[in-house]
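Residue-level structural notes
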Amino acid sequence: MTAELDDFQAMAELPGDEDGPPLEHVHPGYKNVLRVRMLVIWIAPIIAAAILDSAVLEDSMFRWLPTIAVPLLAAIAITVAPQRIYRRLRYRLTDRLLHVVRGWLFHTDTVVPFVRVQHLDVTRGPVEKLFGTATLVVHTAGTHNSIVTVPGLAPDRAAEIRDVIREHIRTDFD
Amino acid sequence: MAEDRAVGAPERLHPYFLLTGLGTSLRGMLGAYAAIAYLAVTGRLRYAVIGAGLLILFSAIGLFLYWRRFEYRVGATEIRIDSGIVSRTHRSIPYDRIQDVDITQGPLSRMLGLARVKFETGGSAGGNQEEGVLQAIPLARAEELRQLVRSRRSASAAAAEPDSIEESEPVYAMAPPRLILAGVFNFSLALFAGLFGVFQFFGDILGFDPFSRVFWIRLLAASAPLQAFLMTHQVVAVIGGLILLALIGVASGIVRSVLRDYGFRLDRIESGLRRRRGLLTRTDVSLPVKRVQAAIIGSGPVRDGFGFGELKLQNLARDEKQGDHVVAPLAGEAEVDHILGEIGWRPLARGADWRPISQAYVWTLAVGLSPFILLALLMALAAAATAWSPPADLGEMVDESLGAMLITSLIFLTIMIVGITVRWLAWRRSAYALDGDRILVKGGWWKRRIVILPLAKIQSIDIQESFVSRWFGISSMQFGVAGGSGFSAHNIPALPRETARKFRTELIVSMP
């Protein structure tokens, strides 16, 4: 496990740019946000499985299988995935860019120079409020990557980053 | 009425809009036509006629209401557009924000002397196309509006631009021979494949069907001389069919090119370039230099051999249909350099320090396709083995489906092998370079392109890895650039992980 993490850390590093600050984790409360969101997503399949079970599989040998298996899958997903997503989501600010690293199977490592940011949002949904996190939304002019998000930040930190980036924004297009 | 002067008097679209707009609004209702066609085909002709009548009636009423409720005002500082039948929209577009005025004329509009006017604003791509469009106003009024907008924009810098560009030499223009040549290169493989499919489908009627299962099975079972005869016969038919298809493909390419690019003319104007083209539908589009994000030189294997390419400029606004504005459908290297020079860009450095991309670009595709290749191979082998030494109880039907299976799997196999070969050819052509304040990326074999992307226009840089590419230790780089179509994101497909990171650092350091 540690080897895997080291590998990950190595991938995220920018060679030749070592003087920048290291990559940071987001607020741990983000794990709970993810858990609640996944729970909400899984509710529909769980209900659908239960209905399917009682309506179609009444007399078959698979009776009770969906009702038990789907919530089990959900439980595994909810306990395992948020931890991993959280561990693999990192960000940092250097003096000129925002750097966000995320994902494992499909690993993405994004940099957005501050001067390219068009505008900024800090959003907080009800679940995020509950666990004390906020999402920083960075809008760029690019068609690809027009929105870069950093979820799971502590609200103060999100506001701080917003203020740092805001200093650098200037309109690029006439 | 000081306020009225500031806002301007309300104006309507030309009443002929009811005529020109009808075609457009009728074109938009494909579902209704399907329903009418269904009624007609199933013999309920009366209902079909009534349905068609109602459709036209409702379109006309809708159009009339749109016209009745549509007003625009040309004010001192802005243009206002009030529209909407039930929910009203009041849009005001300040002159400061209007980059330029695009004028389009369809065939009917040209006969009636009307034009469609679109105010190009700073709205980013993918946005609402209907932002600031006047569907049908007299052409003279459209020209007047364009002059007005230009004079407002350049008021601070200099006097209004004199309309003397007609006399000056165009930056690029297409003479008829060049237009025909462009049409020949416009030969569409997709259309070719489509026609091929149609011929297959209606093959029995045309007496041309190399995919006939029975035919191939009998061919395999028959004796050698007969087989040879059939083979020759078949080859003759196939060659004849292919030549016919090729002729149709070339002819349709020429027709499409002439329709779109007849009278193609690119002029230098104060803010950038002005393009006029079209045989039936004339368009008149301006491209302000400031809004050009990237230049793309596209070509194909044949065109490239003749030293020709197509120059496109990626702009904040979208062109008529595609994302990028074609500024030269068929141009030689010198012409491309000349056009780039006109917008103040350096010519493409021929001796640039091109760096190759990783060969894993080919291997990742091969690995990704390997399960399917294996499957197709197994299917082909199984089918072939059973066909040559069939069990005694094998019926005619099974026999036939075996042949089909063999052919299908062989076709799949060929497609995948061709795909990998083309990927390999593309890899040999792929390279990237840092050319001062811009990057150059080239790639593709069938659809060749060279992208010139100024560092100042890069909005974000992604380095991506997938679980396949990670085995090879390679990443792809993707650049966020404004405008263009979402599918044509600029990327460098396969770089060793460390190289990608070093290159990104290099870019970030040299970014203005």
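All values reported here derive from a predicted model rather than from experimental measurement. (Residues numbered from 1 in each chain as written. Chains lettered and ligands numbered in written order. Predicted model: local features only at pLDDT ≥ 70, side-chain atom pairs only at ≥ 80, totals over all residues.)

**Notes on the sheet that holds strand E10 (residues 272–277) of chain B**
All names here are of chain B. On the basis of which strands lie adjacent, the open sheet formed by seven strands has the order E7-E6-E5-E11-E10-E9-E8 and antiparallel pairing. Looking along the sheet, the strands with just one partner apiece sit at the ends: strand E7 (133–138) and strand E8 (172–173). In this fold helix H2 (residues 17–27) packs onto strand E6 (114–120) and E7, with an angle of close to 135 degrees to the strand it touches most, E7. (Pairing = 2+ DSSP bridges. Helix = DSSP H or I, 4+ residues; strand = E, 2+ residues; numbered from the N terminus. Contact = placed C-beta atoms within 7 Å. Axes fitted to C-alpha atoms, helices over the stretch in contact; angles between N-to-C directions.)

**Focus on the environment of A:Thr79**
In this structure, A:Thr79 sits in helix H3 (residues 65–88). The exposed category is assigned to A:Thr79, around which 11 C-beta atoms lie within 10 Å. (Buried ≥ 20, exposed ≤ 12 C-beta atoms within 10 Å, placed from the backbone.)

**Some remarks on the sheet that holds strand E2 (residues 71–74) of chain B**
Spatially, four strands are ordered E1-E2-E3-E4 (chain B) in an open sheet, and the strand pairing comes out antiparallel. Looking at the sheet topology across the chains shown, the edges are occupied by strand E1 (10–11) and strand E4 (89–94) of chain B.

**Focus on the packing of H2(B) against helix H4 (residues 45–68) of chain B**
A packed helix pair is summarised by two numbers, namely the angle formed by the two axes and the spacing between the axes. Residues and elements named next belong to chain B. As a packed pair, H2 and H4 sit with axes 10 Å apart at the nearest point and diverge in direction by 125 degrees. As far as their axial angle goes, H4 and H2 are oblique. Crossing of H2 over H4 shows right-handed handedness. Here Phe17, Leu18, Gly21, Leu22, Ser25 and Leu26 of H2 come into contact with H4, specifically with Ser59, Ala60, Gly62, Leu63, Phe64 and Trp67. Looking at side-chain class alone, the contact of H2 with H4 contains eight nonpolar, four polar and no charged residues. (Parallel < 35°, antiparallel > 145°, perpendicular 65-115°, else oblique. Left-handed = near helix turned anticlockwise from the far one by under 90°. Nonpolar A, V, L, I, M, F, W, Y, C, P; charged D, E, K, R; others polar.)

**Some thoughts on the pairing of strand E2 (residues 90–93) of chain A**
Residues and elements named next belong to chain A. One ladder, built from two bridges, connects strand E1 (residues 24–25) with E2; its direction is antiparallel. Across the sheet, residue Glu24 finds its bridge partner in E2, namely Tyr91. Summarising the sheet, E2 and strand E3 (residues 97–102) pair through four bridges and their orientation is antiparallel. Within the sheet, the bridge partner assigned to Arg92 lies in E3 and is His99. The hairpin turn running from E2 into E3, its antiparallel successor, is three residues long.

**Some details on the environment of A:Val36**
Here A:Val36 shows up in helix H2 (residues 29–55). Through-space distance from the C-alpha of A:Val36 to that of A:Val127 is 7.4 Å; in sequence the pair is 91 residues apart.

**So, the nonpolar core**
Residue and element names in this part refer to chain B. Counting residues in each nonpolar core, the largest one holds 76 residues, and the members touching the most others are Ala295, Leu311, Val327, Ala328, Ile339 and Leu453. Setting aside residues no more than four positions away along its own chain, Leu311 makes contact with Ala295, Ile297, Val327, Ala328, Ala331, Val336 and Ile339. Among the nonpolar cores identified, the runner-up in size contains 17 residues, and Val101, Leu114, Ile137 and Val149 belong to it. (Core = buried A, V, L, I, M, F, W, Y, C linked by C-beta atoms within 7 Å.)

Everything listed here is a matter of geometry and, on its own, says nothing about what the molecule does.
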